[in-house]
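Below are the chains, spelled out letter by letter.
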Amino acid sequence: MEKAFSISQFSLEGKIALVTGASYGIGFAIAKAYADAGAIITFNDINQELVDKGLSLYKEAGVKAYGYVCDVTDEVGIQAMVKQIEDEVGPIDILVNNAGIIKRSPMLEMKTSDFRKLIDIDLTAPFIVAKAVLPSMIERGHGKIINICSMMSELGRETVAAYAAAKGGLKMLTKNIASEYGSANIQCNGIGPGYIATPQTAPLRELQADGTRHPFDQFIIAKTPAARWGVPEDLAGPAVFLASEASNFVNGHILYVDGGILAYIGKQPE
Ligand code: NAP
Ligand code: GCO
(Lines give C-alpha, C1' and ligand atoms only; values in the text may rest on other atoms or scores of the structure.)
(Ligands and ions follow the chains in the order given, each with its own letter.)
Protein backbone atom coordinates (compact mmCIF):
# COMPACT_ATOMS: atom_id res chain seq x y z
CA MET A 1 0.00 0.00 0.00
CA GLU A 2 1.21 3.51 -0.84
CA LYS A 3 2.64 5.35 2.19
CA ALA A 4 0.27 7.93 3.71
CA PHE A 5 3.14 10.26 4.48
CA SER A 6 6.63 11.05 3.25
CA ILE A 7 9.11 13.37 4.96
CA SER A 8 9.62 14.92 1.52
CA GLN A 9 6.31 16.73 2.10
CA PHE A 10 8.35 19.09 4.31
CA SER A 11 10.93 19.75 1.59
CA LEU A 12 11.21 23.27 0.12
CA GLU A 13 13.65 22.09 -2.57
CA GLY A 14 13.72 24.52 -5.49
CA LYS A 15 11.16 26.90 -3.97
CA ILE A 16 11.91 30.64 -3.94
CA ALA A 17 11.13 32.39 -0.66
CA LEU A 18 10.91 36.12 0.08
CA VAL A 19 11.27 36.95 3.78
CA THR A 20 10.83 40.64 4.58
CA GLY A 21 13.04 42.35 7.17
CA ALA A 22 15.24 39.26 7.40
CA SER A 23 18.74 40.63 8.09
CA TYR A 24 18.53 39.25 11.60
CA GLY A 25 16.07 38.15 14.29
CA ILE A 26 13.03 36.02 13.54
CA GLY A 27 13.15 36.69 9.80
CA PHE A 28 16.74 35.50 9.55
CA ALA A 29 15.98 32.32 11.52
CA ILE A 30 13.01 31.50 9.30
CA ALA A 31 14.97 32.18 6.10
CA LYS A 32 17.87 30.03 7.35
CA ALA A 33 15.43 27.20 8.10
CA TYR A 34 13.96 27.53 4.59
CA ALA A 35 17.43 27.33 3.09
CA ASP A 36 18.13 24.22 5.20
CA ALA A 37 14.92 22.76 3.73
CA GLY A 38 16.16 23.49 0.18
CA ALA A 39 14.65 26.88 -0.63
CA ILE A 40 16.33 29.76 -2.45
CA ILE A 41 16.33 32.81 -0.14
CA THR A 42 15.53 36.39 -1.05
CA PHE A 43 15.11 39.07 1.60
CA ASN A 44 14.88 42.81 2.00
CA ASP A 45 15.67 45.29 4.68
CA ILE A 46 15.31 48.98 5.07
CA ASN A 47 18.86 50.08 4.20
CA GLN A 48 22.01 48.80 2.50
CA GLU A 49 23.91 48.50 5.79
CA LEU A 50 21.33 46.04 7.13
CA VAL A 51 21.14 44.13 3.85
CA ASP A 52 24.93 43.81 3.80
CA LYS A 53 24.87 42.66 7.44
CA GLY A 54 22.28 40.08 6.50
CA LEU A 55 24.20 38.90 3.43
CA SER A 56 27.33 38.31 5.50
CA LEU A 57 25.35 36.44 8.15
CA TYR A 58 23.73 34.25 5.49
CA LYS A 59 27.14 33.61 3.91
CA GLU A 60 28.57 32.68 7.32
CA ALA A 61 25.66 30.23 7.68
CA GLY A 62 26.42 28.73 4.26
CA VAL A 63 23.28 30.22 2.68
CA LYS A 64 23.33 31.86 -0.76
CA ALA A 65 20.83 34.67 -0.27
CA TYR A 66 19.70 37.55 -2.47
CA GLY A 67 19.30 40.83 -0.55
CA TYR A 68 17.36 43.93 -1.60
CA VAL A 69 17.04 47.39 -0.06
CA CYS A 70 13.36 48.24 0.20
CA ASP A 71 11.04 49.81 2.76
CA VAL A 72 8.04 47.49 2.96
CA THR A 73 5.68 50.50 3.17
CA ASP A 74 6.86 51.72 -0.26
CA GLU A 75 4.33 50.15 -2.65
CA VAL A 76 6.14 51.24 -5.83
CA GLY A 77 9.45 50.02 -4.40
CA ILE A 78 7.95 46.67 -3.38
CA GLN A 79 6.40 46.13 -6.82
CA ALA A 80 9.79 46.92 -8.40
CA MET A 81 11.64 44.63 -5.97
CA VAL A 82 9.30 41.71 -6.66
CA LYS A 83 9.79 42.25 -10.42
CA GLN A 84 13.57 42.38 -9.90
CA ILE A 85 13.48 39.15 -7.89
CA GLU A 86 11.38 37.45 -10.59
CA ASP A 87 13.89 38.61 -13.26
CA GLU A 88 17.05 37.78 -11.27
CA VAL A 89 16.03 34.72 -9.24
CA GLY A 90 12.60 33.53 -10.34
CA PRO A 91 8.93 33.70 -9.30
CA ILE A 92 8.24 33.82 -5.56
CA ASP A 93 6.61 30.65 -4.17
CA ILE A 94 6.70 31.59 -0.47
CA LEU A 95 6.24 35.00 1.14
CA VAL A 96 6.89 35.62 4.82
CA ASN A 97 5.65 39.03 5.95
CA ASN A 98 8.08 39.36 8.85
CA ALA A 99 9.27 43.00 8.81
CA GLY A 100 7.76 44.91 11.68
CA ILE A 101 8.34 47.36 14.48
CA ILE A 102 6.96 47.99 17.92
CA LYS A 103 6.65 51.26 19.82
CA ARG A 104 5.78 50.87 23.48
CA SER A 105 3.91 53.89 24.86
CA PRO A 106 0.84 54.46 27.02
CA MET A 107 -1.95 55.08 24.50
CA LEU A 108 -2.76 58.54 25.83
CA GLU A 109 0.88 59.54 25.36
CA MET A 110 1.22 58.09 21.86
CA LYS A 111 1.16 60.56 18.96
CA THR A 112 -1.37 59.66 16.29
CA SER A 113 1.44 59.92 13.73
CA ASP A 114 3.33 57.17 15.60
CA PHE A 115 0.19 55.03 15.71
CA ARG A 116 -0.28 55.50 11.96
CA LYS A 117 3.39 54.69 11.25
CA LEU A 118 3.22 51.43 13.17
CA ILE A 119 -0.02 50.39 11.44
CA ASP A 120 1.64 51.25 8.12
CA ILE A 121 4.62 48.98 8.73
CA ASP A 122 2.99 46.12 10.65
CA LEU A 123 -0.34 45.89 8.80
CA THR A 124 -0.51 47.92 5.58
CA ALA A 125 2.90 46.67 4.41
CA PRO A 126 1.94 42.96 4.61
CA PHE A 127 -1.10 43.91 2.46
CA ILE A 128 1.22 45.70 -0.02
CA VAL A 129 3.72 42.83 -0.26
CA ALA A 130 1.01 40.17 -0.51
CA LYS A 131 -0.62 42.14 -3.34
CA ALA A 132 2.72 42.26 -5.13
CA VAL A 133 3.34 38.48 -5.03
CA LEU A 134 -0.20 37.07 -5.34
CA PRO A 135 -0.79 37.60 -9.11
CA SER A 136 2.17 35.41 -10.09
CA MET A 137 1.29 32.79 -7.46
CA ILE A 138 -2.29 32.64 -8.76
CA GLU A 139 -1.08 32.43 -12.37
CA ARG A 140 1.20 29.50 -11.43
CA GLY A 141 -1.51 27.76 -9.44
CA HIS A 142 0.17 27.71 -6.03
CA GLY A 143 1.60 29.93 -3.31
CA LYS A 144 2.27 30.19 0.40
CA ILE A 145 1.92 33.39 2.41
CA ILE A 146 2.92 33.39 6.08
CA ASN A 147 2.22 36.51 8.14
CA ILE A 148 4.15 36.97 11.38
CA CYS A 149 1.43 37.85 13.83
CA SER A 150 1.84 37.93 17.60
CA MET A 151 0.29 37.00 20.91
CA MET A 152 -0.95 40.56 20.63
CA SER A 153 -3.14 39.33 17.79
CA GLU A 154 -5.18 37.86 20.69
CA LEU A 155 -4.27 39.81 23.82
CA GLY A 156 -3.62 43.40 24.81
CA ARG A 157 -1.40 44.85 27.45
CA GLU A 158 -0.37 48.30 28.60
CA THR A 159 1.73 50.36 26.13
CA VAL A 160 1.18 48.25 22.99
CA ALA A 161 -2.14 49.64 21.65
CA ALA A 162 -0.81 50.33 18.14
CA TYR A 163 1.06 47.05 17.91
CA ALA A 164 -1.91 44.98 19.15
CA ALA A 165 -4.24 46.78 16.73
CA ALA A 166 -1.83 46.06 13.87
CA LYS A 167 -1.25 42.43 14.77
CA GLY A 168 -4.96 41.86 15.39
CA GLY A 169 -5.61 43.27 11.95
CA LEU A 170 -2.85 41.10 10.49
CA LYS A 171 -4.60 38.02 11.91
CA MET A 172 -7.79 38.99 10.06
CA LEU A 173 -5.92 39.95 6.87
CA THR A 174 -4.42 36.45 7.00
CA LYS A 175 -7.88 34.88 7.26
CA ASN A 176 -9.18 37.08 4.45
CA ILE A 177 -6.39 36.24 2.01
CA ALA A 178 -7.03 32.57 2.83
CA SER A 179 -10.75 33.07 2.17
CA GLU A 180 -10.35 35.07 -1.05
CA TYR A 181 -7.59 33.04 -2.72
CA GLY A 182 -7.89 29.55 -1.27
CA SER A 183 -9.62 28.41 -4.47
CA ALA A 184 -6.48 29.43 -6.39
CA ASN A 185 -4.46 27.01 -4.24
CA ILE A 186 -2.99 29.82 -2.17
CA GLN A 187 -2.49 28.99 1.50
CA CYS A 188 -2.20 32.01 3.77
CA ASN A 189 -1.49 31.34 7.44
CA GLY A 190 0.02 33.19 10.37
CA ILE A 191 2.63 32.40 12.96
CA GLY A 192 2.05 33.96 16.36
CA PRO A 193 5.36 33.90 18.22
CA GLY A 194 5.26 34.20 21.98
CA TYR A 195 7.99 36.22 23.71
CA ILE A 196 11.12 35.66 21.66
CA ALA A 197 14.62 36.87 22.56
CA THR A 198 15.47 39.28 19.74
CA PRO A 199 16.53 42.95 19.58
CA GLN A 200 12.82 43.87 19.54
CA THR A 201 12.31 42.51 23.05
CA ALA A 202 15.75 43.35 24.43
CA PRO A 203 14.37 46.25 26.53
CA LEU A 204 12.05 43.78 28.31
CA ARG A 205 14.97 41.57 29.29
CA GLU A 206 17.55 44.16 30.40
CA LEU A 207 19.24 43.28 33.68
CA GLN A 208 18.45 45.70 36.50
CA ALA A 209 21.11 47.91 38.10
CA ASP A 210 21.38 45.39 40.95
CA GLY A 211 21.99 42.56 38.47
CA THR A 212 18.52 41.02 38.89
CA ARG A 213 16.33 40.10 35.95
CA HIS A 214 13.94 42.72 34.54
CA PRO A 215 10.53 42.42 36.26
CA PHE A 216 8.90 41.84 32.83
CA ASP A 217 11.42 39.09 32.13
CA GLN A 218 10.47 37.40 35.40
CA PHE A 219 6.77 37.90 34.57
CA ILE A 220 7.09 36.18 31.19
CA ILE A 221 9.05 33.27 32.63
CA ALA A 222 6.26 32.77 35.22
CA LYS A 223 3.48 33.15 32.63
CA THR A 224 5.01 30.72 30.12
CA PRO A 225 4.46 27.00 30.84
CA ALA A 226 7.77 26.29 29.07
CA ALA A 227 9.31 28.63 31.70
CA ARG A 228 11.62 30.30 29.19
CA TRP A 229 11.72 32.97 26.47
CA GLY A 230 11.56 31.59 22.96
CA VAL A 231 14.49 31.88 20.58
CA PRO A 232 14.09 32.60 16.84
CA GLU A 233 15.07 29.01 16.05
CA ASP A 234 11.91 27.81 17.87
CA LEU A 235 9.98 29.18 14.89
CA ALA A 236 11.95 27.25 12.25
CA GLY A 237 9.93 24.01 12.23
CA PRO A 238 6.49 25.68 12.31
CA ALA A 239 7.57 28.07 9.54
CA VAL A 240 8.87 25.23 7.33
CA PHE A 241 5.61 23.32 7.91
CA LEU A 242 3.46 26.27 6.80
CA ALA A 243 5.66 26.85 3.73
CA SER A 244 5.64 23.19 2.66
CA GLU A 245 3.25 20.81 0.93
CA ALA A 246 2.59 19.25 4.33
CA SER A 247 0.24 22.18 5.05
CA ASN A 248 -1.61 22.33 1.71
CA PHE A 249 -4.97 21.94 3.46
CA VAL A 250 -4.13 24.35 6.30
CA ASN A 251 -5.50 27.78 5.44
CA GLY A 252 -6.37 30.86 7.48
CA HIS A 253 -4.79 29.41 10.62
CA ILE A 254 -2.69 31.31 13.13
CA LEU A 255 -0.15 28.88 14.58
CA TYR A 256 0.92 30.15 18.00
CA VAL A 257 4.49 29.22 18.86
CA ASP A 258 4.51 30.56 22.40
CA GLY A 259 5.59 27.87 24.86
CA GLY A 260 1.97 27.62 25.98
CA ILE A 261 1.57 31.16 27.31
CA LEU A 262 -1.78 31.74 25.58
CA ALA A 263 -3.17 28.55 27.17
CA TYR A 264 -2.14 29.40 30.73
CA ILE A 265 -4.00 31.60 33.25
CA GLY A 266 -0.94 31.79 35.49
CA LYS A 267 -0.02 30.46 38.93
CA GLN A 268 -1.74 31.62 42.13
CA PRO A 269 0.54 34.15 43.88
CA GLU A 270 2.31 32.47 46.85
P1 NAP B 1 13.39 42.92 14.95
O2 NAP B 1 14.51 42.26 15.64
O3 NAP B 1 13.06 44.34 15.27
O4 NAP B 1 13.58 42.78 13.35
C5 NAP B 1 12.59 43.32 12.52
C6 NAP B 1 13.20 43.48 11.16
O7 NAP B 1 12.29 44.18 10.30
C8 NAP B 1 14.47 44.35 11.24
O9 NAP B 1 15.44 43.89 10.33
C10 NAP B 1 13.93 45.69 10.82
O11 NAP B 1 14.90 46.57 10.33
C12 NAP B 1 12.97 45.28 9.73
N13 NAP B 1 12.08 46.39 9.38
C14 NAP B 1 11.45 47.24 10.23
N15 NAP B 1 10.75 48.15 9.54
C16 NAP B 1 10.95 47.88 8.21
C17 NAP B 1 10.51 48.48 6.99
N18 NAP B 1 9.70 49.54 6.98
N19 NAP B 1 10.93 47.93 5.82
C20 NAP B 1 11.76 46.87 5.81
N21 NAP B 1 12.22 46.26 6.93
C22 NAP B 1 11.81 46.77 8.12
O23 NAP B 1 12.08 42.09 15.18
P24 NAP B 1 11.89 40.53 15.49
O25 NAP B 1 11.78 40.35 16.96
O26 NAP B 1 12.84 39.71 14.69
O27 NAP B 1 10.40 40.38 14.92
C28 NAP B 1 10.16 40.05 13.57
C29 NAP B 1 8.67 39.98 13.42
O30 NAP B 1 8.14 39.12 14.45
C31 NAP B 1 7.99 41.33 13.62
O32 NAP B 1 6.87 41.42 12.76
C33 NAP B 1 7.51 41.27 15.07
O34 NAP B 1 6.39 42.12 15.29
C35 NAP B 1 7.14 39.83 15.19
N36 NAP B 1 7.12 39.28 16.55
C37 NAP B 1 8.21 39.38 17.35
C38 NAP B 1 8.15 38.77 18.62
C39 NAP B 1 9.28 38.81 19.59
O40 NAP B 1 9.04 38.47 20.78
N41 NAP B 1 10.48 39.18 19.19
C42 NAP B 1 7.00 38.09 19.01
C43 NAP B 1 5.90 38.07 18.16
C44 NAP B 1 5.98 38.65 16.91
P45 NAP B 1 15.48 47.66 11.38
O46 NAP B 1 16.64 46.99 12.03
O47 NAP B 1 15.83 48.86 10.54
O48 NAP B 1 14.36 47.98 12.37
C1 GCO C 1 5.69 43.39 24.19
C2 GCO C 1 6.43 42.45 23.29
C3 GCO C 1 5.47 41.57 22.53
C4 GCO C 1 6.25 40.62 21.68
C5 GCO C 1 5.37 39.74 20.89
C6 GCO C 1 4.56 38.83 21.74
O7 GCO C 1 6.11 44.55 24.32
O8 GCO C 1 4.68 42.94 24.76
O9 GCO C 1 7.26 43.15 22.39
O10 GCO C 1 4.62 42.37 21.77
O11 GCO C 1 7.05 41.31 20.78
O12 GCO C 1 4.61 40.44 19.97
O13 GCO C 1 3.92 37.92 20.86
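Note: the structure precedes this text.
None of these values were measured; they are calculated from a predicted model.

S.K.: Mind laying out the site of ligand 2, listing which residues take part and the relevant values?
M.R.: Taken together, 14 residues form the shell around ligand 2, and within it Arg104, Ser150, Arg157, Pro193 and Tyr195 come nearest. For ligand 2, an oxygen atom lies 2.9 Å from a polar atom in the backbone of Met151. With respect to the pocket detection grid, ligand 2 is positioned in the largest pocket. Residues that form the shell around ligand 2 fall into these classes: 8 nonpolar, 4 polar and 2 charged.

S.K.: How would you explain the packing of aromatic side chains if you had to name every residue and give the values?
M.R.: Tallied over the entire structure, the rule returns 7 aromatic pairs. Ring geometry for Phe28 and Tyr58: centres 4.5 Å apart, planes at 35 degrees, overall tilted. With Phe28 in helix H1 (residues 25–36) and Tyr58 in helix H2 (residues 48–60), this pair connects stretches of sequence that are 30 residues apart. Here Phe28 falls in the buried class, since its relative accessible area comes to 17%. Chaining the aromatic ring pairs together yields one cluster made of Tyr195, Phe216, Phe219 and Trp229. For the cation-ring pair, Arg205 lies above Trp229, with the distance from its terminal atom to the ring centre recorded as 5.3 Å.

S.K.: So what's going on with unusual backbone geometry? Residues and values would help.
M.R.: Here Asn185, not a glycine, exhibits a phi torsion of approximately 65 degrees, which is positive. Here Asn185 shows up in the loop between helix H5 (161–181) and strand S6 (186–193). Classification of Asn185 as partly exposed rests on a relative accessible area of 33%. In this structure, Ala227 takes a positive phi of about 55 degrees despite not being glycine. Mapping Ala227 onto the fold places it in the loop between helix H6 (215–223) and helix H7 (236–243).

S.K.: Could you give an account of the pairing of strand S5 (residues 143–148), with specific residues and numbers?
M.R.: Working note: regular strand, side chains alternate between the two faces of the sheet. Burial within S5 is extensive, with 6 of its 6 residues counted as buried. Of the two faces of S5, the one holding Gly143, Ile145 and Asn147 and the one holding Lys144, Ile146 and Ile148 are both buried throughout. As for the winding sense of the linkage, the β-α-β connection from strand S4 (residues 94–97) through helix H4 (residues 112–140) to S5 is right-handed. As paired strands, S5 and S6 are joined by 6 bridges and run parallel to one another. Bridge pairing in S6 links Gly143 to Ile186. Taken together, S5, H5 and S6 constitute a β-α-β crossover, and its handedness is right-handed.

S.K.: Mind laying out the layout of surface pockets, listing which residues take part and the relevant values?
M.R.: Picture a little ball the size of a water molecule; that probe, rolled over the atoms, points out where space is still empty. Looking at the largest pocket, its volume works out to about 860 Å³. Looking at the largest pocket, it is lined by 39 residues, and the ones nearest its centre are Asn98, Ala99, Gly100, Ile101 and Gln200. Those elements that place two or more of their residues in the lining of the largest pocket are H1, strand S2 (40–45), H4 and H5. Within the lining of the largest pocket, the residues separate by chemical class into 21 nonpolar, 11 polar and 7 charged. Here the second largest pocket defines a volume of roughly 190 Å³. Taken together, Met151, Met152, Leu155, Gly156, Arg157, Tyr195, Phe219, Ile220, Lys223, Ile261, Leu262 and Tyr264 form the lining of the second largest pocket. Across the lining of the second largest pocket, the residue classes break down as 9 nonpolar, 1 polar and 2 charged.

S.K.: Requested: an account of the pattern of salt bridges, with residues and values cited.
M.R.: Under the criterion given, the structure shown has 7 salt bridges. Two residues, Lys83 and Asp87, come together in a salt bridge whose shortest N-O distance is 2.7 Å. Remark: Asp87 and Lys83 occur in helix H3 (residues 75–88); sequence separation between them is 4 residues, near one turn of the helix. Exposure remark for Asp87: the relative accessible area of 55% places this residue in the exposed category. A salt bridge links Arg228 to Asp234, with the shortest nitrogen-to-oxygen separation between them at 2.8 Å.

Cut-offs applied
- Starting from 1, residues in each chain are numbered consecutively following that chain's sequence as written.
- Chain letters start at A and ligand numbers start at 1, both assigned in the order the entries are written.
- Local features in a predicted model are, by the rule used here, given only for residues with pLDDT of at least 70; side-chain atom pairs are given and counted only at 80 or more, and totals for whole chains, interfaces and linings are based on all residues.
- Side-chain numbers come from the whole structure's heavy atoms, not from hydrogens or water.
- Think of it this way: one heavy atom of a residue within 4 Å of a molecule or strand is enough to make that residue near it.
- In protein, a polar contact means a hydrogen-donor-capable atom and an acceptor-capable atom, both N or O and within 3.5 Å, with residues adjacent in sequence counting only if both atoms are side-chain atoms; elsewhere, any N or O pair within 3.5 Å suffices.
- Using only the protein atoms, space was sampled on a 1 Å grid; points where a 1.4 Å probe fits but cannot get out form cavities, open sets with protein on both sides within 12 Å along at least five of seven lines form pockets, and lining residues are those with an atom within 4 Å of a point.
- Cavities and pockets are treated as containing a molecule whenever more than half of the molecule's atoms lie within 2 Å of their grid points.
- Residues are grouped as follows: nonpolar covers Ala, Val, Leu, Ile, Met, Phe, Trp, Tyr, Cys and Pro; charged covers Asp, Glu, Lys and Arg; every other residue, Gly included, is treated as polar.
- Each Phe, Tyr or Trp ring, with Trp reduced to its six-membered ring, pairs with another whose centre is within 6.5 Å; inter-plane angles below 30 degrees give stacked pairs, above 60 give edge-to-face pairs, and intermediate values give tilted ones.
- A run of H or I in DSSP becomes a helix once it reaches four residues, and a run of E becomes a strand once it reaches two; helices and strands are each numbered from the N terminus.
- Note on exposure labels: buried denotes an accessible area under 20% of the residue type's maximum, exposed denotes more than 50%, and partly exposed covers the range between, all computed with a 1.4 Å probe on protein chains only.
- Cation placement over rings: the criterion is NZ of Lys or CZ of Arg within 6 Å of the ring centroid and within 35° of the ring normal.
- Viewed with both strands pointing away, a crossover whose connecting path from the first strand over the helix to the second turns clockwise is right-handed.
- Strand pairing is assigned whenever DSSP detects at least two bridges linking the two strands.
- Grid points are joined across faces, edges and corners, and a volume is the space filled by probe spheres set on the points.
- A side-chain nitrogen of Lys or Arg and a carboxyl oxygen of Asp or Glu constitute a salt bridge if their distance falls within 4 Å.

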